[in-house]
Amino acid sequence: MKYGRILFALGASALLLAACSEDKKTPKVEEEGQAEEVKPDESDVAGATSEADDALAELRAALEDREQTDEPVTADDSEILNPSIAEMTEGDVEVLYTNKAPNYTHDMDGFIVTIDEYQITKVSDVNRDSESLFKGNLEGYVVTALTTYENTRSNPVYYAGFMSLLMDDRYDVVYGDKYKLIPRETALVSDDPASVNKYPPGFKKQGLLSFVMTNEQYDKLGTTNPKLIIEGGASEREDMRESFREEAVFDFLYSGESEEAVATGPAFYRDDLTNQNIANKTMIFEKTDIGQQLELDGVKVTLEGVQYTEIEPTEQYKSTFRNFADDGIVALTVKLNVDNQSEETVRLDGIGSILSVDDNDFRYLYQGSLEPDTSKKLEPGESGEKLHVFLMDKYQFDRHEKFELNFGPFSAEDGKKLFKGRDLVFKLPR
């Protein structure tokens, strides 16, 4: 076997360390007893009958038109989702954007956080007490998120409920808050008097969260790729140890233009190049329906897809990639599913893989610091997603022809290698 050069694309961990009108009333028919009978002349009867027939025909036509449409009746998007903003700030509130079905859900092994709706508003001419919210300015912006907490586990769960809007990078964020511009009696917290973060089995509650932004922060929405992050942390222990650590990251839509851009653009795999705005991607090649499955001592691994992208580091991270050639950088993101049917506990973050290229002429190490936090362990019978990321100079990628993924070896909870240190070899499309 030829062992060519092992190429280190990045320093192992430096990247992340440095790195909701007019009121319409329905007429009521009231019984007022018998009225005295008055007989009109025949001309009046004829005229009234004709008018009634015309009105009845018009009503039938309108009903037929209505029965032919399936459009749901929804509230006006200009309706204020959180009236308390105007009450508390004494300011003028203007609705800029409402997303009634964002589909942002984070399921932490049965503790489920869902953003059911959110709205962006501009607030102007606020009172003196509210100036501090907007860094001393008389105006700013508020994102209000209608959120549901649900505990479907059989035990109580502790959850602090952190959310954030990520702008340029991990250090440029706006944090969600349960109390800012939200009445405390309606706050999205537990009913437990001893701990507002303790949620009993069967708990389900909907409430509001707010993200308060200055003018400068709001303007950044249009110059970056903002993300909404629902943090992990759900734990059955009060000390929050042994918690569900993985976060959920979503594209934060803030206008009709951003909706269109996300809907029509490529669906990149959610590695941390994408999740943390580390780099912008341009698709070179992808295959997302591979479905190749290999097994090692009861662990079934399915290669679901690959994406090759040319990446351009964002301004905040350019220096991190300074050791790459000037002609460009290519990222290979491999998506796999790991189904643990063995008798061992397998760490998802303890899989040390290598990308072998052109019959081992080149070997690339996986970039763990660019992969989502998959510190989750797989107990026997559990399965989970794994994303592997590899980086290479573009001029080298253009020359490469054959790609193989040596997936493994696997590690136990204590870090020891499992299954005699063997791995699985997948041939990757190019």
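Residues numbered from 1 in each chain as written. Predicted model: local features only at pLDDT ≥ 70, side-chain atom pairs only at ≥ 80, totals over all residues. Heavy atoms only, no water.

**Q** Provide a residue-level description of the overall build of the chain, including the pertinent values.
**A** Helix and strand content of the chain: 7 helices and 23 strands. The 430 residues of the chain split such that 44% are buried. Summed over all atoms, the accessible surface of the chain reaches about 23,800 Å², with 45% contributed by carbon and sulfur. (Helix = DSSP H or I, 4+ residues; strand = E, 2+ residues; numbered from the N terminus. Buried < 20%, exposed > 50% of the residue type's maximum accessible area, 1.4 Å probe, protein only. Areas by Shrake-Rupley, 256 points an atom, 1.4 Å probe, with all protein chains shown as cover.)

**Q** Tell me what's going on with the pattern of salt bridges, and back it up with residues and numbers.
**A** The full count for this structure, using the stated rule, is 22 salt bridges. Here E131 makes a salt bridge to R128, at a shortest N to O gap of 3.2 Å. Accessibility expressed as a relative area gives 18% for E131, which makes it buried. Given the relative accessible area of 68%, R128 is considered exposed. The shortest N-O distance in the salt bridge between K386 and E371 comes to 3.3 Å. Taken together, the residues span a long stretch of sequence, with K386 in strand β21 (residues 383-393) and E371 in the loop between β19 (362-365) and β20 (377-378) at a distance of 15 residues. On the accessibility criterion, E371 (5% relative accessible area) is buried. Residues participating in the shared-partner salt-bridge network are D168, D172 and K220. (Salt bridge = Lys/Arg side-chain N within 4 Å of Asp/Glu carboxyl O.)

**Q** Please set out the side chain of S190 residue by residue, giving values where relevant.
**A** Tracing the sequence through the fold places S190 in the loop between β8 (173-175) and β9 (198-199). We classify S190 as buried; its relative accessible area is 6%. Within the local environment of S190, its side chain forms a polar contact with the backbone nitrogen of D192, the two atoms lying 3.0 Å apart. Leaving out residues up to four positions away in the same chain, S190 has contacts with S195, V196, N197, K198, Y199, P200 and F203. (Polar contact = N/O pair within 3.5 Å; in protein donor to acceptor, adjacent residues only side chain to side chain. Contact = heavy atoms within 4.5 Å.)

**Q** Explain the nonpolar core to me, using residue names and the numbers behind them.
**A** In this structure, F111, Y118, Y159 and M213 are the most contacted members of the largest nonpolar core, which totals 34 residues. Within the residue set of this core, elements represented by two or more residues are β3 (104-108), β4 (111-124), β5 (140-151), β7 (163-166), β10 (204-213), β11 (227-230) and β12 (248-251). No other element matches the 5 residues that β4 contributes to this core. Leave out the neighbours within four places in its chain, and Y118 touches L81, Y97, T98, N99, P102, Y104, V143, T144, A145, F252 and L253. One finds V330, V338, F407 and L428 within the second-largest nonpolar core, a separate group that totals 32 residues. (Core = buried A, V, L, I, M, F, W, Y, C linked by side-chain atoms within 4.5 Å.)

**Q** Can you explain the packing of aromatic side chains? Please cite residues and give values.
**A** For any pair of aromatic rings, geometry is given as the distance between the ring centres together with the angle between the planes. For the structure on display, the rule yields 18 aromatic pairs. Between the aromatic rings of Y199 and F203, the centroid separation amounts to 5.0 Å while the plane-to-plane angle is 65 degrees, which identifies the pairing as edge-to-face. Here Y199 matches F203 in class, with each residue buried. When the ring of F410 is compared with that of F419, the centres are 5.8 Å apart and the planes differ by 70 degrees; the resulting orientation is edge-to-face. This pair shows no difference in class: F410 is buried, exactly as F419 is. Members of the aromatic cluster, joined through ring pairs, are Y97, Y104, Y118, F250 and F252. Taking the ring centre of Y179 as reference, the NZ or CZ of R184 above it sits at 4.3 Å. (Phe/Tyr/Trp six-rings, centres within 6.5 Å; stacked < 30°, edge-to-face > 60°. Lys NZ or Arg CZ within 6 Å of the ring centre and 35° of its normal.)

**Q** Go over the sheet that holds β12, please, and point to the residues and values.
**A** Taking strand neighbours across the sheet as the criterion, the 4 strands line up as β8-β7-β11-β12 in an open arrangement whose pairing is antiparallel. Each edge of the open sheet is held by one strand with a lone partner, namely β8 and β12. On average, adjacent strands in this sheet sit at an angle of 25 degrees to one another, irrespective of strand direction. Alignment of β7 against β8, held across 3 bridges, turns out to be antiparallel. Within the sheet, the bridge partner assigned to L166 lies in β8 and is V173. (Pairing = 2+ DSSP bridges. Axes fitted to C-alpha atoms, helices over the stretch in contact; angles between N-to-C directions.)

**Q** Which residues make up the environment of V174, and what values go with them?
**A** Counting through the fold element by element, V174 comes out in strand β8. Setting aside anything within four residues of it in sequence, one finds V174 in contact with M163, S164, L165, M167, F211, V212, M213 and Q217.

**Q** Residues and numbers for unusual backbone geometry, please.
**A** Looking along the chain, the bond that leaves G408 and enters P409 is cis, with omega of 0 degrees. With respect to the helices and strands, P409 occurs in the loop between β22 (403-407) and β23 (424-428). Despite not being glycine, K135 shows a phi value in the positive range, around 55 degrees. Relative to the elements of secondary structure, K135 occurs in the loop between β4 and β5. Unlike most non-glycine residues, F419 shows phi in positive territory, near 55 degrees. By the element assignment, F419 lies in the loop between β22 and β23.

**Q** For the side chain of K386, give the residues involved together with the corresponding values.
**A** For K386, a relative accessible area of 2% translates into the label buried. A polar contact is formed between the side chain of K386 and the backbone oxygen of L348, at a distance of 3.1 Å.

**Q** Before we move on, could you go through the pairing of strand β15 (residues 299-313) and cite the residues and values that matter?
**A** Of all 15 residues that make up β15, 11 are buried, and the element is covered over most of its length. Pairing analysis gives 8 bridges linking strand β13 (residues 279-287) to β15, with the strands arranged antiparallel. Within β15, the position partnered with K287 by the bridge is V306. As defined by bridge partners, strand β14 (residues 292-296) adjoins β15 across 5 bridges and the pair is classed as antiparallel. From the neighbouring strand, L294 faces β15, where its bridge partner is V301.

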